[in-house]
Amino acid sequence: KPKVWWINIGSNDLFSTRCSEEITIMGILRVVEELMSLDDGASIVINSLYPVATRKSMGLEGKYIHNNFWYSINKVNERLQKFAKK
C-alpha cells in the first residue's frame, strides 16, 4: 500500500479540453475524495497547477500580456488551497 498519494492532475482539463475552472476543480476533488474514502492511512498531497506562459516571452502577467490561463490557474489553485486547509 502507498504511504503517500501525490495528486498532480487538472492541467490538461484547463489547457487541452478547455474545461472551466469549476469543472477542473470538481474533477480534482472527486479523485481526492475517492482516495480519502479508501481510508488506508496514506497521506494525500494535492499539487497546485503549474504556471503556463502562452507566448515566447514566457511572461505570465503584465500590461501587454493576455494570458487567459493564468487567471484560471490561480483560481483553481486558490480553491485547492482552501480545500487542503480543511
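Keep in mind the model is a prediction, meaning the values are calculated, not measured.

A count of helices and strands for the protein gives 3 helices and 2 strands. Moving toward the C terminus, one meets the helices and strands of the protein in the order β-α-α-β-α. Across the 86 residues of the protein, 29% fall into the buried class. Summarising the internal contacts of the protein: among those between residues at least 6 apart in sequence, 65% fall at separations of at least 24.

Unusually for a residue other than glycine, Arg18 sits at a positive phi of about 60°. Along the chain, Arg18 turns up in the loop between α1 (11-15) and α2 (21-38). Since its relative accessible area comes to 61%, Arg18 is described here as exposed. You will see that Asp39, though not glycine, has its phi angle at about 45°, which is positive. Looking at the secondary structure, you find Asp39 in the loop between α2 and β2 (43-46).

Leu14, Ile73 and Val76 are the most contacted members of the largest nonpolar core, which totals 15 residues. Where this core is concerned, the elements lending two or more residues are α1, α2 and α3 (68-85). Of all the elements, α3 adds the most residues to this core, at 6 residues. Contact partners of Ile73, with chain neighbours within four places excluded, come to Leu14, Phe15, Leu49, Tyr50, Pro51 and Val52.

Turning our eyes to something else, we now look at the packing of aromatic side chains. Taken as a whole and judged by the stated rule, the model has 1 aromatic pair. When the ring of Phe15 is compared with that of Phe69, the centres are 4.9 Å apart and the planes differ by 80°; the resulting orientation is edge-to-face. With Phe15 in helix α1 and Phe69 in helix α3, this pair connects stretches of sequence that are 54 residues apart.

What follows is about the environment of Ile44. When you line up the elements, Ile44 lands in strand β2. Sequence separation between Ile44 and Trp6 is 38 residues, and the spatial gap between their C-alpha atoms is 6.0 Å. The residues touching Ile44, leaving out its near neighbours within four places in the chain, are Trp5, Ile7, Val32, Leu35 and Met36.

As for its placement among the helices and strands, Trp5 is situated in strand β1 (residues 4-7). Among the residues examined, Trp5 registers a relative accessible area of 27% and is labelled partly exposed. Taking the C-alpha atoms as reference, Trp5 lies 6.1 Å from Val45; in sequence the two are 40 residues apart. Look past the residues within four positions of Trp5 in its chain and what remains in contact with it is Leu35, Leu38, Asp40, Ala42, Ser43, Ile44 and Val45. Separated by 3.3 Å, the side chains of Trp5 and Asp40 make a polar contact.

About the thresholds
- Residues numbered from 1 in each chain as written.
- Predicted model: local features only at pLDDT ≥ 70, side-chain atom pairs only at ≥ 80, totals over all residues.
- Heavy atoms only, no water.
- Helix = DSSP H or I, 4+ residues; strand = E, 2+ residues; numbered from the N terminus.
- Buried < 20%, exposed > 50% of the residue type's maximum accessible area, 1.4 Å probe, protein only.
- Contact = heavy atoms within 4.5 Å.
- Core = buried A, V, L, I, M, F, W, Y, C linked by side-chain atoms within 4.5 Å.
- Phe/Tyr/Trp six-rings, centres within 6.5 Å; stacked < 30°, edge-to-face > 60°.
- Polar contact = N/O pair within 3.5 Å; in protein donor to acceptor, adjacent residues only side chain to side chain.

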